[in-house]
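Structural description and commentary
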Amino acid sequence: MFGQYKPEIEGFPYNQQQDQFTCPAGKILSFKTVDTNAEGGLLKIYRATYQDCKQCPLKSSCVPKSPCRQITRTAYDPEYRRAQARQQSRKGSG
């Protein structure tokens, strides 16, 4: 694999079964919508609620200029993760 793909977002673990992220303060960033990037690739948008971020003591360091935290991921994340696992396997690295 190459490019800008990063499988993890530091401080925001992903729950694959529930398709959501959790912020460092323990709040949920739920899947909200699908969008496209400039090249036409599909993107999944995850967002915390306005109320969760508004009341959060970490807001000033997490999202000082936005009303709430948003995470954008490629819609092809499962495929990237599979490719990364294959690449890091004994067979893929040998």
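Above this text is the structure in question.
What you are looking at is a predicted structure, and each value in this text was computed from that prediction instead of being measured.

Rules behind the numbers
- Residues numbered from 1 in each chain as written.
- Predicted model: local features only at pLDDT ≥ 70, side-chain atom pairs only at ≥ 80, totals over all residues.
- Heavy atoms only, no water.
- Helix = DSSP H or I, 4+ residues; strand = E, 2+ residues; numbered from the N terminus.
- Buried < 20%, exposed > 50% of the residue type's maximum accessible area, 1.4 Å probe, protein only.
- Contact = heavy atoms within 4.5 Å.
- Areas by Shrake-Rupley, 256 points an atom, 1.4 Å probe, with all protein chains shown as cover.
- Lys, Arg positive; Asp, Glu negative; His and termini not counted.
- Charge placed at Lys NZ, Arg CZ, Asp CG, Glu CD.
- Phe/Tyr/Trp six-rings, centres within 6.5 Å; stacked < 30°, edge-to-face > 60°.
- Lys NZ or Arg CZ within 6 Å of the ring centre and 35° of its normal.
- Polar contact = N/O pair within 3.5 Å; in protein donor to acceptor, adjacent residues only side chain to side chain.
- Patch = residues over 30% accessible without salt bridge, like charges linked within 9 Å, V, L, I, M, F, W, Y side chains within 5 Å.
- Salt bridge = Lys/Arg side-chain N within 4 Å of Asp/Glu carboxyl O.

**Focus on the overall build of the protein chain**
If you tally the helices and strands in the protein chain, you get four helices and five strands. Each helix and strand of the protein chain, ordered N terminal to C terminal, gives the series β-β-β-β-α-α-β-α-α. On the principal axes, the C-alpha backbone points of the protein chain span a range of 50 × 30 × 25 Å. Going through the 94 residues of the protein chain one by one, you find that 23% of them count as buried. Sequence separation of 24 or more characterises 42% of the internal contacts of the protein chain that already satisfy a separation of 6 or more. For the protein chain, the accessible area works out to roughly 6900 Å², and carbon and sulfur atoms hold 50% of it. Of the side chains in the protein chain, 15 bear a positive and 8 a negative charge, and the two mean positions are spaced by 3 Å.

**A word on the packing of aromatic side chains**
By the definition in use, this model includes four aromatic pairs. Centroid distance Tyr14 to Tyr46: 6.3 Å. Interplanar angle 80 degrees. Geometry classified as edge-to-face. One end of the pair, Tyr14, is in strand β1 (residues 14-15); the other, Tyr46, is in strand β4 (residues 42-47), and 32 residues separate them in sequence. Between Phe21 and Tyr46 the ring centres are 4.9 Å apart and the planes differ by 85 degrees, which places this aromatic pair in the edge-to-face class. With Phe21 in strand β2 (residues 20-22) and Tyr46 in strand β4, this pair connects stretches of sequence that are 25 residues apart. Chaining the aromatic ring pairs together yields one cluster made of Tyr14, Phe21, Phe31 and Tyr46. For the cation-ring pair, Lys44 lies above Phe31, with the distance from its terminal atom to the ring centre recorded as 4.7 Å.

**Observations concerning the environment of Glu8**
Turning to its location among the elements, Glu8 is positioned in the segment before β1. Separated by 37 residues in sequence, Glu8 and Ile45 have C-alpha atoms that sit 15 Å apart. One polar contact links Glu8 to Arg81, side chain to side chain, over a distance of 3.3 Å.

**Brief notes about a nonpolar patch on the surface**
There is a patch of nonpolar side chains on the surface, built from Phe31, Val34, Leu42, Tyr76 and Tyr80 and spanning about 420 Å² of accessible area. Relative to the assigned elements, Leu42 resides in strand β4. Note on Leu42: relative accessible area 34%, which makes it partly exposed.

**Remarks on the side chain of Asp19**
For Asp19, the position within the fold is in the loop between β1 and β2. Separated by 2.8 Å, the side chains of Asp19 and Lys44 make a polar contact. What Asp19 contacts, discounting residues up to four positions off in sequence, is Tyr14, Phe31, Lys44 and Tyr46.

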